[in-house]
Structure formats: C-alpha cells, structure tokens
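Okay, here's what each chain looks like letter by letter:
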Amino acid sequence: MYKFPVFYLLLSVLFCFCCTSAFAQKNYAVSGTVKDAATGETLIGATVRMLEIKQSGVATNAYGFYSLSAPQGSYTLAVSFVGYGTFTQPIVLTANTQVNVSLTANNTLTEVSVNANSGHEADNIESAQMGVLRLDVKQLDNIPVIFGEKDVLKTIQLLPGVKTTGDGNTGFYVRGGGSDQNLILLDEAVVYNASHLFGFFSTFNTDAIKDVSMYKGGMPAQYGGRMSSVLDIKMLDGNDKNFGVQGGIGLIASRLKVEGPIVKNKGSFMVSARRTYADMFLKLSPDSTTRNASLYFYDINAKANYHLNDKNTLFVSGYFGKDVLGLKDNFETNWGNQTGTLRFNHVFNSKLFLNTSLIYSNYSYIIESYNANRDFKVTSRIRDFNLKEDLQYFISDKHTLYFGVNAVRHTIAPGEISSSGSSSINSRAIQNRYGLEASAYVSDDWRPFDRLNIIFGTRLSWFSLIGPGKINTYDTEGVVTATNSYSSGQVIKTYFNPEPRVSMNYKLTALSSVKASYNRNTQNIHLLANSTASTPTDLYVMSSNNIKPGISDQFSVGYFRNQADNTYEFSAEAYYKHMNNMIDYRDGSQLVGNEDVESQLVYGQGRAYGVELFVKKKAGKLTGWIGYTLSKTEKRFDAINSGQYFAATYDRTHDISLVGIYKTSKRVTVSATFVYGTGNAVTYPQGKYRVGGITTFYYPKRNADRMPAYHRLDLGVTLDGREHKRFHSSWTFGLYNVYNRKNPYTITFRDNATDPSRTEAVKTSLFGIIPSVTYNFKF
Amino acid sequence: MKAFYRLAAFFIVVIAFSSCEKVIDLNLKAAAPQLVIEGSIINIAQVPTVRISRSVGFDEPSSFPGVSGATVRITTGTSPILLTESSPGVYQGQPVVGRPGRTYTLQVDVDGQTYKASSTMPNQIFIDSVGIEEVGFRGKIEKNVIVYYADPPNEKNQYRFIMSINGKLITQVFARNDEFNDGRTVRVPLYQDDVDIKTGDKIDLEMQCIDERIYTYWFTFSKQSGNAMGNASVAPTNPPNNFDTPVLGYFSAHTVNRRTVMVK
C-alpha cells in the first residue's frame, strides 16, 4: 500500500539528477578502492580529490570505495588519510577509469588521538555532515581507562555531547536521549547490550576494530531505528599479506588476535578473543562462598573476506560474547550477544556501488536457580533477521545519491520460566512477540557551488506487530479493555513514519564554516529498564497497539573553525531535541515475568537542549582536547510528578572533559584525563514520617535534587619496547582516579544505628584509586 | 528473584574491591509537614486504632507529633463507628472483629479536608511452619527465618510479613503475592540485616493477607531506600495508597496469623 509513493519518490529524484547531468559537459569517472599498503585493510573516510579541481573531493565509503567525476582532461589524483603519506598519480580521463590505491603508513607523524573527522584534515570545515565524532582506533592505546583495558565506549564518553552516569555503567546518553536510544552497530549487526559485567567493560575488543563513528545529530538517512544516536563500529578485515599475532596481558583480562591471508592479496581472516579472569582471584579467598563463585566474560570477534574479482567481494563476520555470574550449586546467570553478518559488495560500474547484507543478531539472558525447592530457569531473548540493500550512485561532481531498503524480522521472548514439579515456583511461558520493520531511504549529497554543501533526504519507516499472539488493549489506568487473538503472520498494528533528514554546510572562509541540520528519528524497539543502573534483566518491548513508536525531532546549528595549518580545531554546536511517546513505569509496578508489562506503562514527552564546545590540538608533542557541554534534559508524564516537567536522571548540567597526550621521547608517552560532571538528578526526601512502626520518607517531587558532582583524574604512561624486526611490545601503566575521589554510586537513607531518633544519608562509592599494568605484544 | 539481586549486589562490591560507604551531610530541604493517616481492621477482636500524625524534616529528631481534633469514622456494616481520641493523634473505639469478604471504609476529617479509603478483607491463609536456614555467607554463618504456607490455587492472594526479634521490630518490609507460585507450597525467606539472629532468640511472626491495593502500597514501600538492601530501584515515590485524596499512610483490612518461635 505504501510502496507506490516510495517508488514515485525514488523515480522522480533519479529523473531530476539524470536531467541535470545530461546537460553538463561529458564527464567521466575514476573509481577504485583505497587500502593500506602493508596490511591490505580498506581505508574508510580517506579523501580522494583532483588537485586541479578546487571543490572536488569525496571520502571513501565503508568499504574503501570511491568514485570521482570530472570533465574529460588530465588531472592529478591525490589520496590522503591521517597517519599515511599522501598518494598522488597523474591520470588522463578519457573514459571511466579504475585506480586502486595503496597508502603507506607514515609513523613519524605525531597524531591526535581522536578526530571529529579522522581522515580529513579539514573535513570539519568541508563536509555537510555535522554532529559526527570519528575515533582513530590506533590512538586508543594512549588514553588511560579503568583497569588498563582500552575501551571504545569509555573513550567516546570523553567527547562532548556523550554522557555517562558515573562508575559502573556503560550505558551512554547522547544529547538528552536515553541509553536505549542509541543504535549500536558492529559490522551492521545491532548489538543490544554493549556492556559486560554490569557495565564495567564494553563488548568491543579494540584489537578487532577498524573504524568508529558516532552520530549525535544530522543522522544520514542510511541509519534508522533509534531516536538519539548511531554508533557505527566496523571490524578490521584482517591482513591479506602476512600472518600476524597481537595481544595483551593485563591484571583483569587478556586478549589475543590472529590474522592473515586466506589467499594472498585476495582474501584474509581475523579472529580476536578476550577473557577476564577476575574469578581466579576469588578462588584465593578464605571464604567458601566467594571461592565457589564464578564471574567472567569472554568475547570473540571473527571475520573473513574474499575478493572474487575487482567488482565483487564477499565478507563474513561474527561476534560471540557471554557473561557468566554464578554461585556453585546455588544459581547461575549468563547473558550475551551473538551476531553474524554476511555481506556482498558489487560494483556495477565506476559510478554505482551496491552492498547486500544478511544479518543475524541475538541477545539472550538466562537466570537459573538450582536451589533445592526453589529451582527455576528464566530465559529471555531478542532475535533479529535482517536483509539490507544499500546503493551509492556517484552521479556527478555535484551529486552523490544514497538509497536503499531494509527489512528486519524481530522475535522477542520476554521471559519463559521453567521449573521442576517440586519447585515452589510455577512454570510459565510469556508469549513471544513478533515484529516486522521495513524501511526505504533516499538521500542526496549535493554541492551546488563551492561554498555550499547540502545533504538532504528522507527515510520511510514501517513497523508492524504481527501474530501469533493473544493481545490485550489497556486504558490509561492499565485495565484491560479488549483481548484479541491473532494467527501467525496476521498484522496486529502498523505504524508508518517518514523521517526527513537535512543538513547543510556553508563555508565562510577556507578555515571556517557554519552548519545546520534537522532530522527526525523514530524507534520501535524500547528498553524498559527496571532500575537506574543498566542490568541484563532489562526488558525489550516493541511498538504495539498500546505502545506508540518513539519520535524525536532534532535541530542543531554549529560553527566550526580551524587555525591556520589545521593544528587546532574549534567547534561550537547547539541543539534542541523534542521527543514524543516516551515510556516510563507507573508507580509501584513489578517487572520480572510480568505478562501484562504493557499495563504498567505510562507515556509522555521529553525535551533536551544544550551547547557543546570543543577545542582540539592535532599535532605536535602535546595533543589532546577539551570538551564542555552545558545542557538540560527534561521529561513530562501526565501520570508522574503531577504532570510537571522533571529532570531526567542522566541530566548533566555541566560536563567537562580534558584529555592530554604528551610524547616525552621516542618510546615514552604520558597521558592524562580529567572529567567533571554535575551529579545525576535524584529524588531526595524532604521529610520523614512513620507507618507500621517504620520510619520512611516523603518525596514531593521527582528528580528535584542532585547527587554530589562526579570528577576524576586518570594518568597513564606507555613505554614502547625497543624496535625489533617483527616483534613490537609495550608496557602500559595506568592510575585510575588518582586523587582517590569517592564519587557517589548510590545514596541511601537509614536510621542512625546508635541514635534511632536521627536519620542519616549514606553514600556508597565504587572505585577509589586503581592501578593497572598491561603488557602488549605484536608480531 | 530477591536472592539474585542480593548476590548480584555482592558481586558488584567484590569486583570493586576498593568501594566503601560513608555517612554524608546532604543539607536536605524540608517540605511543609504532611498529614499521615494509618489505620487497620483485623480478623481477631481488637480495638480499632487510627493514628494521625504529621511528617517532620529529615534532620529533626524522629518523633512525630499526633494530630488532634480530627473526626474519625470507620464503617464496618451499615452504620459508621465514631472513634475518639485516646491520646494525641491516636483514635480508638469499641473492639471490632473483621470478617473476610467485608469491605471497610475509613473517613477522616481534618482541617476541613475529608480523606476516605476502603479496603476489603481477603480470606485467611495460615502459616504452615517456620524454619531457620543457615547460610555460609562471606565467612560467617547467617541464620535466616523461613516461613512456609500453602497458597490457594486460582485466586489472587497477597501477603505481608511482620517480624520482631527479641521484641525489636524489623524494619525490612516483606510483601509477596502469588504471581509466580499460585497454588503451591510457598517458601519465603525473610532476609534482613537489622539483627544478627542467634540461638535463643525469640522470633515473633505475623502473616497478613492483604488486598491488592495495600499490596501495591507495601511493595512500593519496600523498594524505597533504607529498605531496598542493595537493590538500586527506580526513582522513589510516595507509595500509592487507597485514599481518595492525596495523603500519606494507608487503611488496610487484613487477616492476621501469628506465630512465635525460639531459635535453636
């Protein structure tokens, strides 16, 4: 029913551009792939341009592919990427040509650890893409993080606009959006729970990662499904020329990576694994309970690729991770993600690139109790099957068209409880839910003249909740008003949402520009967190006849400026976001195993606005950045807090981060990180009273107070081993929370033990000062 | 489920070997004193008692002044019984025996405002037996009280347990329903950290069968800080009660079954 307007839209857009280019002079295209000369890894975001044409320049796509159009003639093709020497080659364009490029790494350059535009010296000025953060993965080595483990998510949180709520939590919050509003992709597969061990580590093993991009705003139309941000992580392909082993041994965890060619220069593989052994320390404990505890996680990233020929490449990648927490003969709980992606690139001609992906993603958690007469096993899972087609049509030097379609089938098993007959717990299966999500997008990257670049497009998204199932409809009080049964595949409810996306860039001078963007994002998978910390028992639900899709509208403007030789970068971005159909719980709801969880939900709105300032030094002995965000995030629900706006828990008024990396000598690098954030919004009592003989507290407003501020200084030293032919090693020493600040994790209230007529507030902190040592090797 | 959260909280502390607790001074704001009404009807002969008090600021001493001059009525059958003030804030009347299945209404008039609440007394379920469980936890042997009862099948039942040890009231609130164990013999461990139970201690237990709204009240109450035992809960709120006008407190018609055990 909706296919008709989409088809018309795509057709009319294509027609317009074909007409435009038909009237121009005869243009030809040079295209190809850009790779690392030593390893064969494709380079994402490398700049390719013709030196003679001022406004030319494209970035290689996610597979290292580029295509550049120009009128017939002779040019110099120049390809550059941060950390590599620039490649130039004279070419004569008389027909469509293919030029594959290999760049050689340039290790003498002192590089910055994080670029807001890694790969483009002045991309923050040139590109219309705003609200994006790119991480240069190679530089993560130098940023000190907890336990000495390099962590992509923890590093992203050091950038403005991306917030965390303190220790022990990898959930992150982007421009006022909740932690489930981030689309986290690993080689295009959705990762549902990106944290290990209750949030102390993320599921991303840095050794296996090639590129990390985070979109805070101005999301390109290719991405959809979440309201607040996109974290797009791409794995390394594997060295297709030589075998290599890389790894590290640390206090808490160790990792190992093996990579090499399948067929030299044609195909390669990469396998990387990681495991903690924190539970080994538990075995040394004198207490028998602690000795019998198991506490560990492992994860494996694997990838293989093969170039069938110049035009066709096949990729297979997968991720398997699991966390286990248990007490022998008592209980065990485990949870984990498994993802698998099969991708096929096809280059039709020098202007049209296609990628087809087949994706499987599964997140499940199991709680099992072996206790004699209370045995039970709770299993919950969310599983996706996804087919994607993405095309890029490099029409001309003024237009690049992106379009594609995507279909996902979701299955959510919210919780199945099985128990033995003698157990005091009943078996129960809560019905599975099935959903179908489909989308189509088209977007044009348009450069009408030198100073102006506009990316505009739209994404159309459909969501249908389908049977089989017995579905209740609830009123605002949570009372059932109707119950209907549906057969397999029968549509229960459909939502259609167009999501317009526009962003533009106007260059004021060669070194400064202003940008503006507007985008609408919708979300149909919602995470119901049953506590303020993220736990693996959080429930996933889909949009339904009771739950509407979440919708966010974001406007942002920004001013970007580089200093003369692009050593310094400065940016100031301001945003306003409005969110509709936000979900929260009714007071007094119970969540685990609640068949009627939708009866416990209330709906409302949110709004977030703020300013992000960022200064970065990219070259020299000292590099680093300072980020400051001033912001406010509020929510409003009719059923909560008397319908008044209240601050979101993760609202952080001031958020400051400073990162400095100083290369003292050829082999020694010293780094420091300082973070400061206003405390989380919290509901403190404003009075106490007694019922049932127990003192309890009066809470007049939700989240009207703040926890004490969070701040912390970390230091790190990296010592590179002596240069050997094929063997490199380094030692990393870190000190987390150098001045031992006891940042609050929770604050609770209780009667004073010695004087029960007084009540006191108790602050619990997680981490004091923690040293770490890691030994890294590579050969 | 509670055991899982307790052990999970233990693990978080184990990983974070340098964590700690500290009493801090928060300088909390003080709201105006709020009215609190607490009343109940039980199924054994008892003087019906309604306590009306006001809240005090967090930093003030925990003595809660009673509110005098209120008009308090309880409707048991057709005509209401007027309760009279026996001591400041405490209103009592003639002994009443509540009956399962009956609905009782409390009406309080204070300072020109009327507060009304109704509660229906559920059927009585009895404690089957009481046991003591010994668990090795972090190097010590801990004793926990376990209550056993038979939940009737095919009806919704809600329970509350009150425990005193050697005369000291345990401040942990235990509220359970039969969502997961309808019709089964239920085993409820009463974990608390107010008192270290030792041999020779006297345990006084009361099992109440409460209605659904009162269950929601006590369940939400148990999630507030001070009661949560390491379970980081959703934002705390005043527990939703069964009064028609916003006020703190509750009115509950419930059955009681009491048992005393000596710990061996």
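A short tour of the structure in this document, coming up. Just so it is clear, the structure is predicted and the values come from calculations on it, not from any experiment. (Residues numbered from 1 in each chain as written. Chains lettered and ligands numbered in written order. Predicted model: local features only at pLDDT ≥ 70, side-chain atom pairs only at ≥ 80, totals over all residues. Heavy atoms only, no water.)

1. What about the overall build of chain B?
Selection rule: Here a helix means four or more residues in a row that DSSP labels H or I, a strand means two or more in a row labelled E, and each is numbered from the N terminus. Between buried and exposed lies partly exposed: a residue is buried under 20% and exposed over 50% of the maximum accessible area for its type, with that area taken using a 1.4 Å probe on protein chains only. Contact between two residues is taken to exist if any of their heavy atoms lie within 4.5 Å; hydrogens are not considered. The accessible surface values rely on the Shrake-Rupley method and a 1.4 Å probe; as for residues, cover is taken only from the protein chains in view.
Summing up its helical and strand segments, chain B has 2 helices and 16 strands in all. Taking all 264 residues of chain B together, the buried fraction comes to 53%. Partitioning the contacts of chain B with sequence separation of at least 6, the portion at a separation of at least 24 is 64%. Accessible area for chain B stands at about 11,800 Å²; split by element, carbon and sulfur atoms hold 49% of it.

2. What to know about the environment of Tyr365(A)
Inspection of the secondary structure assignment puts Tyr365(A) in strand β25 (residues 352–369). Considering only alpha carbons, one finds Tyr365(A) and Asp232(A), 133 residues apart in sequence, at a separation of 24 Å.

3. Some remarks on the side chain of Ser729(A)
Mapped onto the fold, Ser729(A) is located in strand β49 (residues 728–736). Not counting chain neighbours up to four residues away, the residues in contact with Ser729(A) comprise Leu719(A), Asp720(A), Gly721(A), Tyr775(A), Asn776(A) and Phe777(A).

4. Observations regarding helix α2 (residues 212–222) of chain B
Residue pairs spaced three or four apart in an α-helix point in one direction, given the helix's 3.6 residues per turn. Residue and element names in this part refer to chain B. Quick reminder of the rule: For the purposes of these results, a polar contact is taken to be a pair of N or O atoms within 3.5 Å, where, inside protein, one atom must be able to donate a hydrogen and its partner to accept one; residues adjacent in sequence count only when each atom of the pair is a side-chain atom.
The element α2 is extensively covered by neighbouring structure, given that 8 of its 11 residues are classed as buried. Along α2, the residues that are buried comprise Ile214, Tyr215, Tyr217, Trp218, Phe219, Thr220, Phe221 and Ser222. The distance from a side-chain oxygen at the start of α2 to the backbone nitrogen of arginine 213 is 3.3 Å, and the residue carrying that oxygen is aspartate 211.

5. Structural notes on the sheet that holds strand β1 (residues 20–24) of chain B
Note the cut-off: Strand pairing follows a simple DSSP-based rule, namely that at least 2 bridges must link the two strands. An axis is simply a line fitted to the C-alpha atoms; with a helix, the fit covers only the stretch in contact. Between two such axes, the angle follows the N-to-C directions and lies from 0 to 180 degrees.
Spatially, β50(A)-β51(A)-β1(B) is the arrangement adopted by the 3 strands of the open sheet, whose pairing is antiparallel. Whereas interior strands pair on both sides, the edge strands pair on one side only; in this sheet they are β50 (744–751) of chain A together with β1 of chain B. Across the sheet, the mean angle from the axis of one strand to that of its neighbour is 30°, orientation sign disregarded. As defined by bridge partners, strand β51 (residues 759–765) of chain A adjoins β1(B) across 5 bridges and the pair is classed as antiparallel. Within the sheet, the bridge partner assigned to Ser765(A) lies in β1(B) and is Cys20(B).

6. Notes on unusual backbone geometry
For residues that are not glycine, phi is negative in most cases, and the peptide bond is trans in most cases. Residue and element names in this part refer to chain A. In this chain, glycine 467 is followed by proline 468 through a cis amide linkage whose omega measures 15°. The phi dihedral of arginine 175 falls on the positive side, at around 45°, and the residue is not glycine. The topology assignment puts arginine 175 in the loop between β12 (173–174) and β13 (182–186). With a relative accessible area of 1%, arginine 175 lands in the buried category. A positive phi angle, close to 50°, is found at aspartate 187, a residue other than glycine. Along the chain, aspartate 187 falls in the loop between β13 and β14 (189–190). With relative accessibility at 2%, the residue aspartate 187 sits in the buried group.

7. Quick word on the pairing of strand β17 (residues 209–215) of chain A
All names here are of chain A. Across the 7 residues of β17, 7 count as buried, placing the element largely inside the fold. Inspection of the sheet shows strand β10 (residues 132–135) paired to β17 by 4 bridges, in the antiparallel sense. Looking at the pairing, leucine 133 lines up with methionine 214 of β17. Strand direction decides the pairing type here: β17 and strand β18 (residues 229–235), joined by 6 bridges, are antiparallel. Bridging across to β18, tyrosine 215 finds its partner in valine 230.

In short, geometric facts, not functional conclusions.
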